[in-house]
Amino acid sequence: MTREPRFARVLLVLVLAPAGGLFGKAVAEAAQARPWWPWLVAALVWLLVSGGISMAVSNRVTEHR
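Calculation criteria
- Residues numbered from 1 in each chain as written.
- Predicted model: local features only at pLDDT ≥ 70, side-chain atom pairs only at ≥ 80, totals over all residues.
- Heavy atoms only, no water.
- Helix = DSSP H or I, 4+ residues; strand = E, 2+ residues; numbered from the N terminus.
- Buried < 20%, exposed > 50% of the residue type's maximum accessible area, 1.4 Å probe, protein only.
- Contact = heavy atoms within 4.5 Å.
- Areas by Shrake-Rupley, 256 points an atom, 1.4 Å probe, with all protein chains shown as cover.
- Salt bridge = Lys/Arg side-chain N within 4 Å of Asp/Glu carboxyl O.

Novice: Even after reading the chapter, I still don't get the overall build of the protein, so can you show me in this structure?
Specialist: Broken down by element type, the protein carries 2 helices and 0 strands. Taken over 65 residues, the protein has a buried fraction of 14%. For the protein, long-range pairs separated by at least 24 residues make up 59% of all intrachain contacts whose partners lie at least 6 apart in sequence. Looking at the protein as shown, the accessible area adds up to about 4,900 Å², and 71% of this sits on carbon and sulfur atoms.

And the structure:
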């Protein structure tokens, strides 16, 4: 196995795992009739920011090969 797929999997986990936790927190808050939208916004912001960083890092690694 080359280094690139392993690196891509690690980046994928670092992006999606925290977002899943934030989405889960939004669902839990909604189930308790509390404001859930801040958690949803946080999850979406996390996905956009960390996904963009992940893509930039992945492209940078690919260019140096």
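Novice: How should the pattern of salt bridges be read in this particular structure?
Specialist: It is possible for side chains of opposite charge to pair when their charged atoms get near one another. Scanning all chains against the criterion turns up 2 salt bridges. Its salt-bridge partner being E29, residue K25 comes within 3.1 Å of it at the nearest N-O pair. A residue pair is termed a helical-turn pair when its members lie 3 or 4 positions apart in one helix, as K25 and E29 do in helix α1 (residues 3-31) at 4 residues. What makes K25 partly exposed here is its relative accessible area of 33%. Its salt-bridge partner being R34, residue E29 comes within 3.6 Å of it at the nearest N-O pair. When salt bridges with common partners are traced through the structure, they connect K25, E29 and R34 into a single cluster.

Novice: Looking at this model, I keep getting lost on the side chain of E29. Mind explaining?
Specialist: Owing to a relative accessible area of 7%, E29 belongs among the buried residues under this scheme. Apart from residues no more than four positions distant in its own chain, E29 is found in contact with R34, P35, W36 and W39.

Novice: For this particular structure, what's the right way to read the environment of L48?
Specialist: In this structure, L48 sits in helix α2 (residues 37-63). Judged by its relative accessible area of 68%, L48 is exposed. Measuring from C-alpha to C-alpha, the distance between L48 and V15 comes to 9.1 Å, with 33 residues separating the pair along the chain.

Interpretation note: all reported values are geometric properties and have no functional meaning in isolation.
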